[in-house]
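Structural overview for review
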Amino acid sequence: MPNLFWPRELTSDVGTSGWIGRTVHWTGVAFAAAILITAFGFAVDGWATDLAAWLAAAAVATALAARGVRYLLAHE
C-alpha cells in the first residue's frame, strides 16, 4: 500500500510490461498537463468557468489513472 503514494526505487530491469506502464504513465501525465493548461486558459477568460472546473477534474483523473497503470504494469 505505501507504493500507491510513493514509488519504489526505479530499476532498469522491469521487463516489457514495465516499459509499457512507464510509457503510458508519462504519456498520460503529459496529456493531463495539456488538459490542465486548457482549463487554466478557460478559467482566465472567465466565460467558461464550469468547463474549466470539469477539465481540471479530468486532468486530475487522467494523472491518477496514468499512475495506476504504472503501478499495475511496472509494479512501482
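For the structure given in this document, a descriptive report is provided here. Please read these numbers as outputs of a predicted model, since none were measured by experiment. (Residues numbered from 1 in each chain as written. Predicted model: local features only at pLDDT ≥ 70, side-chain atom pairs only at ≥ 80, totals over all residues. Heavy atoms only, no water.)

**Observations regarding helix H2 (residues 49-74)**
Taking 1.5 Å as the rise per residue, H2 with 26 residues should run 38 Å; its terminal C-alpha atoms sit 37 Å apart, in good agreement. Along H2, the positions that sit buried rather than exposed are Ala52, Leu55, Ala59, Ala66, Arg67, Arg70 and Ala74. Contact partners of the buried residues in H2: helix H1 (15-45). Where H2 terminates, the next one or two residues include His75, which has phi positive at roughly 55°. (Helix = DSSP H or I, 4+ residues; strand = E, 2+ residues; numbered from the N terminus. Expected span 1.5 Å × (residues − 1). Buried < 20%, exposed > 50% of the residue type's maximum accessible area, 1.4 Å probe, protein only. Contact = heavy atoms within 4.5 Å.)

**Some words on the packing of aromatic side chains**
Tallying each qualifying case throughout the model produces 0 aromatic pairs. Directly above the aromatic system of Trp19 lies the positively charged group of Arg22, at a separation of 5.1 Å from the ring centroid. (Phe/Tyr/Trp six-rings, centres within 6.5 Å; stacked < 30°, edge-to-face > 60°. Lys NZ or Arg CZ within 6 Å of the ring centre and 35° of its normal.)

**Focus on a nonpolar patch on the surface**
Together, Ile20, Val24, Leu72 and Leu73 line one region of the surface with nonpolar side chains, adding up to about 340 Å² of accessible area. Put simply, the parts of the chain that give the nonpolar patch at least two residues each are H1 and H2. Within the secondary structure layout, Leu72 lies in helix H2. (Patch = residues over 30% accessible without salt bridge, like charges linked within 9 Å, V, L, I, M, F, W, Y side chains within 5 Å. Areas by Shrake-Rupley, 256 points an atom, 1.4 Å probe, with all protein chains shown as cover. Salt bridge = Lys/Arg side-chain N within 4 Å of Asp/Glu carboxyl O.)

**Some thoughts on the environment of Trp26**
Looking at where Trp26 falls in the secondary structure, it is placed in helix H1. Linking Trp26 and Arg67, residues 41 residues apart in sequence, is a C-alpha distance of 8.7 Å.

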